[in-house]
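Analysis of the macromolecular model
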Amino acid sequence: GQQLNQSPQSMFIQEGEDVSMNCTSSSIFNTWLWYKQDPGEGPVLLIALYKAGELTSNGRLTAQFGITRKDSFLNISASIPSDVGIYFCAAAGANNLFFGTGTRLTVIP
Amino acid sequence: SQTIHQWPATLVQPVGSPLSLECTVEGTSNPNLYWYRQAAGRGLQLLFYSVGIGQISSEVPQNLSASRPQDRQFILSSKKLLLSDSGFYLCAWSVLSGGDGYTFGSGTRLTVV
């Protein structure tokens, strides 16, 4: 099956710092998405990207759809304690969605 | 608006007991439905998906089965649970193509003891 390589696997940062994570694939996709999973909850969609090169923001979050259509990154600026959770990238195939392995973010107050 | 309901939220079951987790979607018709399992602190493993009533595709051979008796109902079952079945189970739905992403339920934490 398709594999999305997501990195880093985990991050420990101080409150107020910026965060960057990325996702790469050997295949081309037409849609990239980023999800956040709070502890004990299901993942929730943060940002969806539909066009190569597209840069989209949602508050302190910014995500980009790579120009090659094989990668995407997510930035979080000025992190706060509630940013804690697992972030998943996802890329849409013809009939399903492939998920990255997740980045576990810990924010130290 | 569309909503997805998943229950129970937590479950503790003995080894060898049966399992039935239920997921229902409201506000949409003919959704694609999915069951995922997530081991502690790890990624999402697709277990089953369904594109219609009675249509089930299995991604991983295992001790579990799925059924879709109604358009917006998806059930995950086991006849005899194993310790390795413990985990966080997530149901999700999408429109046919999946290009708009999946909407997840709130999950069921299953502990097999």
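Below is a short write-up of the structure. Computed from a predicted model, the values in this text were never measured in an experiment.

Calculation criteria
Residues numbered from 1 in each chain as written. Chains lettered and ligands numbered in written order. Predicted model: local features only at pLDDT ≥ 70, side-chain atom pairs only at ≥ 80, totals over all residues. Heavy atoms only, no water. Helix = DSSP H or I, 4+ residues; strand = E, 2+ residues; numbered from the N terminus. Rg over C-alpha atoms; globule rule 2.2 N^0.38 Å. Buried < 20%, exposed > 50% of the residue type's maximum accessible area, 1.4 Å probe, protein only. Contact = heavy atoms within 4.5 Å. Salt bridge = Lys/Arg side-chain N within 4 Å of Asp/Glu carboxyl O. Polar contact = N/O pair within 3.5 Å; in protein donor to acceptor, adjacent residues only side chain to side chain. Core = buried A, V, L, I, M, F, W, Y, C linked by side-chain atoms within 4.5 Å. Pairing = 2+ DSSP bridges. Axes fitted to C-alpha atoms, helices over the stretch in contact; angles between N-to-C directions.

Points about the overall build of chain A
Looking only at helices and strands, chain A has zero helices and eleven strands in total. In terms of overall size, chain A behaves like a compact globule, its C-alpha atoms giving a radius of gyration of 13 Å where 109 residues would be expected to give roughly 13 Å. Overall size of chain A, expressed as C-alpha extent along the three principal axes, is 40 × 25 × 20 Å. The buried share of chain A, reckoned over its 109 residues, is 44%.

A word on the interface of chain B and chain A
In this complex, chain B contributes 20 residues to the contact, which on the side of chain A involves 21 residues. On the surface where chain B and chain A come into contact, there are zero salt bridges. At the junction of chain B and chain A, the tally comes to three residue pairs in polar contact (both at pLDDT 80 or more). Among the secondary structure elements, those contributing two or more residues to the side of chain B that touches chain A are β4 (32-38) and β9 (87-94) of chain B.

Some points on the nonpolar core
Residues and elements named next belong to chain A. Counting residues in each nonpolar core, the largest one holds 23 residues, and the members touching the most others are Leu 4, Trp 32, Trp 34, Leu 74 and Leu 105. Within the residue set of this core, elements represented by two or more residues are β2 (10-14), β3 (19-25), β4 (32-37), β5 (44-49), β7 (61-65), β8 (71-76), β9 (85-92) and β11 (103-108). Non-local contacts of Leu 105, meaning those with residues more than four positions away in its chain, are made with Met 11, Ile 13, Val 19, Ile 76, Asp 83, Val 84, Gly 85 and Tyr 87.

Focus on the pairing of strand β3 (residues 19-26) of chain B
Note on strand geometry: in a regular strand, side chains alternate between the two faces of the sheet. All names here are of chain B. The pairing of strand β1 (residues 3-7) with β3 spans five bridges and is classified as antiparallel. By the bridge assignment for β3, Ile 4 is matched with Val 25. In the sheet, β3 pairs with strand β8 (residues 73-78) via six bridges, with the strands oriented antiparallel. Note on β8: the bridge partner recorded for Thr 24 is Gln 73.

Re the side chain of Gln 6 of chain B
All names here are of chain B. Within the fold, Gln 6 resides in strand β1. Gln 6 sits in the buried class, given a relative accessible area of 9%. At a separation of 2.6 Å, a polar atom in the side chain of Gln 6 contacts the main-chain carbonyl oxygen of Tyr 89. Only 3.1 Å separates the side chain of Gln 6 from the backbone nitrogen of Cys 91, close enough to count as a polar contact. In this view, Gln 6 contacts Glu 22, Cys 23, Trp 35, Tyr 89, Leu 90, Cys 91, Gly 105, Ser 106, Gly 107 and Thr 108; residues no more than four positions away in its chain are not counted.

Regarding the sheet that holds strand β6 (residues 55-58) of chain A
All names here are of chain A. Reading across from one edge, β1-β3-β8-β7-β6 is the order of the five strands in this open sheet, with antiparallel pairing throughout. For this open sheet the edge positions go to β1 (4-7) and β6, each flanked by a neighbour on one side alone. Each strand of the sheet is rotated relative to its neighbour by a mean of 15°, with strand direction disregarded.

Let's talk about the side chain of Ser 94 of chain B
Residues and elements named next belong to chain B. Among the secondary structure elements, Ser 94 is positioned in strand β9. Assessed through its relative accessible area of 1%, Ser 94 is described here as buried. Looking at Ser 94, its side chain comes within polar contact range of the side chain of Tyr 34, at 2.9 Å. The residues contacting Ser 94, other than those within four sequence positions of it, are Pro 31, Asn 32, Tyr 34, Gly 101 and Tyr 102.

Section: the pattern of salt bridges
Residues and elements named next belong to chain A. In total, this model carries four salt bridges over all chains according to the counting rule given. Here Lys 36 ties to Asp 38 by a salt bridge, and the two come within 2.9 Å at their closest N and O atoms. Owing to a relative accessible area of 13%, Lys 36 belongs among the buried residues under this scheme.

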